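Given next are the chains, with one letter for each unit.
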Amino acid sequence: MTVYGSFPGARPRRLRTTPAMRRMVAETRLHPADLILPVFVREGISEPVAISAMPGVQQHTLDTLRKAAVEAVEVGVAGIMLFGVPVDEKKDARGTAGTDPDGILQVALREVRAEVGDELVVMSDLCLDEYTDHGHCGVLDELGRVDNDATLERYAEMAQVQADAGAHVVGPSGMMDGQVGVVRDALDSIGRDDVAVLAYTVKYSSAFYGPFREAVGSSLTGDRKTYQQDPANARESLRELALDLDEGADMVMVKPAGPYLDILAKVAESVDVPVAAYQISGEYAMIEAAAERGWIDREKAILESLTGIKRAGADMILTYWATEVARGLR
């Protein structure tokens with residue numbers, strides 16, 4: 001037998017011999033506190049509504065939302081991200097339900113804070129797409145284009161009503177230029193410098209959002225390619241990152257997670273603030289669909305996907321499996 005270099009002295013397989021050995025030398029570990037649960041709360045329903053494209057996920061009533069928040073606390077999940085789903089009759093061109101103190105998201109924020117207090121980091125999606133009759137993330141100009149600066153004015157209002165409703169963290173997700181700075185200023189102007197901003201710094205225009213649009217009852221026609229990032233671009237993400245940090249982001253996010261692990265790694269290597277990644281609806285749906293058909297081992301695939309996101313540099317992961325996985329990790 002030919003001997004090459006230090007072989008057979010160097011045998012990496014020695015550290016893979018048993019489950020206990022592999023656990024001891026693992027470089028990446030998932031913990032319940034790494035996980036954030038995204039949830040949808042829908043106005044005008046008396047029972048939860050299943051989301052067909054996301055098996056196991058539902059649009060909550062206020063009652064079931066409170067129960068989901070309590071369950072998340074019990075298993076050690078770090079946070080909950082709330083998305084509001086208003087009745088269609090309340091959607092309009094400016095998304096006014098999104099800034100109504102009695103809009104569904106603001107009501108839900110108050111309910112969750114009343115239920116769990118500070119035991120869970122309560123986060124709110126700060127975007128207009130759920131509330132506009134055209135489904136875009138901002139207000140439109142006379143030519144039907146998303147008006148960046150007019151949208152920022154609406155985001156400032158949203159930040160303030162969400163903070164008043166009890167959000168610990170607001171997540172401006174519309175990818176408008178300058179959104180983090182405007183939101184930070186709006187919060188500070190009402191004395192809410194205690195509310196953190198989770199910047200959706202890197203948000204790609206992705207085909208994997210498909211199931212999410214059912215989840216929020218989106219009215220969108222067309223696409224969001226003029227404001228969400230082009231999947232072909234990487235350097236652009238670092239430019240967005242620099243801008244968000246300069247504008248006062250407390251935390252930054254990469255979305256989607258799985259298809260953009262290279263971007264996540266670049267962001268994580270470049271910052272000294274916490275980094276989040278959002279494992280989005282399409283990522284969830286693919287694993288669930290494949291598992292349902294017996295093509296993959298569901299539990300192993302879920303953990304592997306989350307471990308890959310953590311290994312790439314995420315400090316926090318938004319995932320629809322947060323509560324289930326946290327329970328298994330305890």
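Note that the coordinates shown come from a computational prediction; the quantities given were computed from them, not determined experimentally.

> Before we go on, may I ask you to explain the overall build of the protein chain in this structure?
Looking only at helices and strands, the protein chain features eleven helices and ten strands. Its C-alpha radius of gyration of 21 Å places the protein chain within 12% of the 20 Å reference for a compact globule of 330 residues. Overall, the C-alpha framework of the protein chain stretches about 75 × 45 × 40 Å when taken along its three principal axes. Scored against the burial criterion, the 330 residues of the protein chain give a buried share of 51%. In the protein chain, once contacts between residues fewer than 6 apart in sequence are set aside, the share between residues at least 24 apart is 74%. Of the accessible surface of the protein chain, which amounts to about 15,100 Å², a share of 50% is contributed by carbon and sulfur atoms.

> Explanation requested: the packing of aromatic side chains in the structure shown.
What characterises a pair of aromatic rings is the spacing of the ring centres plus the angle enclosed by the ring planes. All told, the structure shown has six aromatic pairs when counted by the stated rule. Their ring planes at 50° and their centres at 6.1 Å tell us that Tyr278 and Tyr320 sit as a pair that is tilted. With Tyr278 in strand β9 (residues 275–278) and Tyr320 in the loop between β10 (316–318) and α11 (322–329), the pair connects residues that are 42 residues apart, well separated along the chain. For the pair formed by Tyr278 and Tyr320, the shared burial category is buried.

> Is there a simple way to think about the pairing of strand β8 (residues 251–255) in this case?
Look at any regular strand and the pattern is simple: side chains alternate between the two faces of the sheet. Most of β8 is tucked away: five of the five residues are buried. Residue alternation in β8 divides its side chains into two sets, Met251, Met253 and Lys255 and Val252 and Val254, and both sets are buried. Two strands pair when backbone bridges link them, and strand β7 (residues 196–203) and β8 are joined in this way by four bridges, in the parallel orientation. When the bridges of β8 are listed, Ala199 appears paired with Val252. Here three bridges tie β8 to β9, and the two strands are oriented parallel to one another. Residue pairing across strands places Val252 opposite Val275, the latter belonging to β9. Note that the unit made of β8, helix α8 (residues 261–270) and β9 has a crossover that is right-handed.

> How should I be thinking about the environment of Ser305 in this particular structure?
Relative to the elements of secondary structure, Ser305 occurs in helix α10 (residues 298–312). As for Ser305 and Ala257, which are separated by 48 residues in sequence, their C-alpha atoms are 9.5 Å apart. Apart from residues lying up to four places away in sequence, Ser305 is in contact with Gln279, Ile287 and Trp321. Of note is the side chain of Ser305, whose polar atom sits 2.7 Å from the backbone oxygen of Ile302.

> How should I be thinking about the packing of helix α2 (residues 62–75) against helix α3 (residues 104–116) in this particular structure?
Axis angle and axis distance: for two packed helices, these are the angle between their axes and the distance between the axes, and together they describe the pair. Running from amino to carboxyl end, α2 crosses α3 at an angle of 45°, the nearest separation of the two axes being 9 Å. Relative to α3, α2 is oriented oblique. Considering how the two elements wind past one another, α2 and α3 form a crossing that is right-handed. Touching Leu62, Leu65, Arg66, Ala69, Val70 and Val73 of α2 are Ile104, Val107, Ala108, Glu111, Val112, Glu115 and Val116, all from α3. Residue classes in the contact of α2 with α3 are distributed as ten nonpolar, no polar and three charged.

> Before we go on, may I ask you to explain the pattern of salt bridges in this structure?
Opposite charge on two side chains permits pairing when their charged atoms draw close. Enumeration according to the criterion identifies 17 salt bridges in this entry. Put simply, Arg66 and Glu111 hold a salt bridge, and the shortest N to O gap is 2.3 Å. Of this pair, Arg66 sits in helix α2 while Glu111 sits in helix α3; the two residues are 45 residues apart in sequence, bridging distant segments of the chain. Between Arg298 and Glu288 there is a salt bridge, with the nearest N and O atoms lying 2.9 Å from each other. Of this pair, Arg298 sits in helix α10 while Glu288 sits in helix α9 (residues 281–292); the two residues are ten residues apart in sequence, bridging distant segments of the chain. Here the salt bridges do not stand alone but share partners, grouping Asp63, Arg66, Glu111 and Glu115 into one network.

> Got a minute to help me understand a nonpolar patch on the surface in this structure?
Taken together, Leu15, Met24 and Val25 make up a surface patch of nonpolar side chains, about 280 Å² in accessible area. Of note, Met24 is situated in helix α1 (residues 19–25). What makes Met24 exposed here is its relative accessible area of 59%.

> Hey, could you run me through the packing of α8 against α10 in this one?
Where α8 contacts α10, the axes come no closer than 8 Å and their chain directions differ by 35°. Only Gly308, Ile309 and Ala312 of α10 make contact with α8, whose side of the interface consists of Leu261, Leu264, Ala265 and Ala268. Grouping the constituent residues of the contact of α8 with α10 by class yields six nonpolar, one polar and no charged.

The rules behind these values
Residues numbered from 1 in each chain as written. Predicted model: local features only at pLDDT ≥ 70, side-chain atom pairs only at ≥ 80, totals over all residues. Heavy atoms only, no water. Helix = DSSP H or I, 4+ residues; strand = E, 2+ residues; numbered from the N terminus. Rg over C-alpha atoms; globule rule 2.2 N^0.38 Å. Buried < 20%, exposed > 50% of the residue type's maximum accessible area, 1.4 Å probe, protein only. Contact = heavy atoms within 4.5 Å. Areas by Shrake-Rupley, 256 points an atom, 1.4 Å probe, with all protein chains shown as cover. Phe/Tyr/Trp six-rings, centres within 6.5 Å; stacked < 30°, edge-to-face > 60°. Pairing = 2+ DSSP bridges. Right-handed = clockwise from strand over helix to strand, strands pointing away. Polar contact = N/O pair within 3.5 Å; in protein donor to acceptor, adjacent residues only side chain to side chain. Axes fitted to C-alpha atoms, helices over the stretch in contact; angles between N-to-C directions. Parallel < 35°, antiparallel > 145°, perpendicular 65-115°, else oblique. Left-handed = near helix turned anticlockwise from the far one by under 90°. Nonpolar A, V, L, I, M, F, W, Y, C, P; charged D, E, K, R; others polar. Salt bridge = Lys/Arg side-chain N within 4 Å of Asp/Glu carboxyl O. Patch = residues over 30% accessible without salt bridge, like charges linked within 9 Å, V, L, I, M, F, W, Y side chains within 5 Å.

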